[in-house]
Amino acid sequence: MLRLPIELEIGLRYTRSKRRKTVGKRDGFLSFISGISTAGIALGVASLIVVLSVMNGFQKEVRDRMLSVLSHVEITAPDGLANWEPLALKVAAQPHVVGVAPMVSSQGLLSRESMMRGVAIRGILPSEEGKVSDLPKQFVAGSIDDLKPGSFGVALGAQLAAIVGAHVGDRINLIVPESDLTPAGAMPRMRTLQVVGIVDSGHYEYDSSLAIMHWKDAAALLRLRDPSGLRVKVDDMQRAPEVANELAAIVPQALWVTDWSRSNRNWFAAVQTEKKMMFIILTLIIAVAAFNLVSTLVMTVNEKQADIAILRTMGASPGLIQRIFLIQGLSIGLLGSLAGVGLGLLIALNIDVIVPVIEAIFRVQFLPREVYFISELPSDVRASDVLTVGLMAFGLSVLATLYPSRRAAKVQPAEALRYE
């Protein structure tokens, strides 16, 4: 039969030490401390994996919902984009571009009865909008085809419609920044619109502030003859900055070319900073748990001094003694890291089930729609994060075992056996 190396066998035996039958002493306390160290590493690893997965999921979910309404790249002109059709054909012919559509963008004030709300006015071309966004699929009432030029119909975000109490068929007033000259002076321009659709993108910020019209109607309200720009969709959203730079080189210099990462830079930078800070904080928790191994192994070395002395008198080298306690510490670190990875994956992959149960039991809501962009806690488990966390926890365990194992190797047999 194959036997394990002597240092591996002894090290694993010390990890799960029980009662000493020879002298009647208990080593159960050391076994308990080892279990606590293992559990501490496991909980730290699991916490870090869950937090990183949730933050990845939050960023991905918000980004996807943003880009279901926003465009990957926008080409805008300060005073309107004259002769936009040839430019749209030129942009559509570029590599990685999958769709181009005209747009009009402005701000306004929506009023109905006693309710008033600031809105983002977006003028679109219904026949082309499906090429650059998911807006046609997000109509929960009415249809994008109901936005016909000259009818001055409007589609409202679901939350905006609920705030002002508007339904399909109702009439609302829209006030735009441009003014009309009257005998009484300059007056804000106001137009009565008919609600022809309700849009629900799942993104509260846009659903509570978006008013969508045909671009010709929006241009008429703003006294524009042409769309204010083009919306561009690319085959890979991560390539949007690269494509934007390429488009900037082929369009007239008077036009502005921006991509989604620039227009939402502050939000994504804040999320990245928060993710880094959470990683550092939770890493410190893992470090505390890992360095509990120091006290565990020091106690084990003090308890096992007689055993160390006997091994030394039987010919064991200081290196073998050191490897025994290294193996004990590494086995605790490896077990804790693997258990933490397993527990973290179990929670992260089932967060969509666990969180609703907790919310139902305690009658709380972790992500109110009025505060956060989304109302459900998402999770995006990435292999790179799991591997990094697991290896980091194991690496800290390795560092924690160096001092106790070197101390064990320096135990002198005569000194250890003097009081035995």
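Labelled according to an unreviewed UniProt entry, the chain appears under the name Lipoprotein releasing system protein, originating from Polynucleobacter yangtzensis. On record in UniProt, under Sequence similarities (unreviewed entry), the comment for the chain is "Belongs to the ABC-4 integral membrane protein family. LolC/E subfamily." Recorded in UniProt under Subcellular location (unreviewed entry), the annotation for the chain is "Cell membrane".

According to UniProt, the positions carrying the feature "transmembrane region" (unreviewed entry) are residues 29–55, 279–300, 320–338 and 386–403. The span residues 320–338 is 100% helical and 0% strand by assignment, and the distance between its end C-alpha atoms comes to 26 Å. Secondary structure content for residues 386–403 is 100% helix and 0% strand, while the C-alpha to C-alpha distance between its ends is 28 Å.

Let us look at unusual backbone geometry. Of note in this structure, Glu113 is not a glycine but carries a positive phi near 55 degrees. Examined against the element boundaries, Glu113 turns out to sit in the loop between strand E2 (97–112) and strand E3 (115–124). The class for Glu113 is exposed, based on a relative accessible area of 73%. Look at Phe152: it is not a glycine, yet its phi comes out positive at around 50 degrees.

Tallying each qualifying case throughout the model produces 7 salt bridges. A salt bridge links Arg63 to Asp64; the nearest nitrogen and oxygen atoms lie 3.6 Å apart. By relative accessible area, which is 15% here, Arg63 ends up buried. Residue Glu129 is joined to Arg231 by a salt bridge in which the shortest nitrogen-to-oxygen separation is 2.3 Å.

Moving on, we get to the environment of Ser34. Tracing the backbone through its elements, the reader meets Ser34 in helix H2 (residues 28–69). Overall, the relative accessible area of 5% leaves Ser34 in the buried class. On a C-alpha basis, the gap between Ser34 and Tyr14 in space is 9.8 Å, while along the polypeptide they are 20 residues apart. If sequence neighbours within four positions are ignored, Ser34 has contacts with Thr15, Thr296, Gln328 and Ile332.

The next thing to look at is the layout of surface pockets. Gaps between atoms show up when a probe of the same size as a water molecule is rolled over them. The space that makes up the largest pocket amounts to roughly 340 Å³. Lining the largest pocket are 21 residues, with Leu70, Glu74, Ser105, Arg122 and Tyr206 sitting closest to its centre. Per-element accounting of the lining of the largest pocket gives the leading share, 5 residues, to E2.

Our focus in this paragraph is the packing of helix H11 (residues 305–313) against helix H12 (residues 318–349). Closest axis-to-axis distance for the H11/H12 pair is 10 Å, and the angle between their directions is 145 degrees. Between H11 and H12 lies a crossing of right-handed hand. The segment H11 lies against H12, with Ile308, Leu311 and Arg312 engaging Pro318, Ile321, Ile324 and Phe325. Looking at the contact of H11 with H12 residue by residue, the classes come out as 6 nonpolar, no polar and 1 charged.

So, about the packing of aromatic side chains. Applying the stated criterion to the full structure yields 1 aromatic pair. Taken together, a centroid distance of 6.2 Å and an interplanar angle of 85 degrees make the contact between Trp84 and Trp215 edge-to-face. With Trp84 in helix H3 (residues 84–92) and Trp215 in helix H7 (residues 215–221), this pair connects stretches of sequence that are 131 residues apart. As far as the burial class goes, Trp84 and Trp215 line up, both buried.

The next point concerns the pairing of strand E8 (residues 210–214). Burial of E8 is extensive: 5 of the 5 residues sit out of reach of the surface. Sheet topology places E3 next to E8; 5 bridges connect them, and they run parallel. Each bridged residue has a counterpart across the sheet, and for Arg122 the counterpart in E8 is Ile212. The pairing of strand E5 (residues 153–157) with E8 spans 2 bridges and is classified as antiparallel. Opposite Leu156, over in E8, you have Ala211 as the bridge partner.

With that out of the way, let us pick up the nonpolar core. One finds Ile75, Val91, Leu156, Leu174 and Met213 to be the most contacted residues of the largest nonpolar core, which totals 67 residues. Sequence-distant contacts of Leu174, defined by excluding residues within four places in its chain, comprise Gly108, Leu109, Leu110, Val119, Ile121, Arg189, Met190, Arg191, Leu193, Met213 and Leu221.

Conventions used here
- Residues numbered from 1 in each chain as written.
- Predicted model: local features only at pLDDT ≥ 70, side-chain atom pairs only at ≥ 80, totals over all residues.
- Heavy atoms only, no water.
- UniProt positions renumbered as here; feature names shortened; annotations may be inferred.
- Helix = DSSP H or I, 4+ residues; strand = E, 2+ residues; numbered from the N terminus.
- Buried < 20%, exposed > 50% of the residue type's maximum accessible area, 1.4 Å probe, protein only.
- Salt bridge = Lys/Arg side-chain N within 4 Å of Asp/Glu carboxyl O.
- Contact = heavy atoms within 4.5 Å.
- 1 Å grid on protein atoms, 1.4 Å probe; cavity = no way out; pocket = protein on both sides within 12 Å on 5 of 7 lines; lining within 4 Å.
- Points joined across faces, edges and corners; volume = space filled by probe spheres on them.
- Axes fitted to C-alpha atoms, helices over the stretch in contact; angles between N-to-C directions.
- Left-handed = near helix turned anticlockwise from the far one by under 90°.
- Nonpolar A, V, L, I, M, F, W, Y, C, P; charged D, E, K, R; others polar.
- Phe/Tyr/Trp six-rings, centres within 6.5 Å; stacked < 30°, edge-to-face > 60°.
- Pairing = 2+ DSSP bridges.
- Core = buried A, V, L, I, M, F, W, Y, C linked by side-chain atoms within 4.5 Å.

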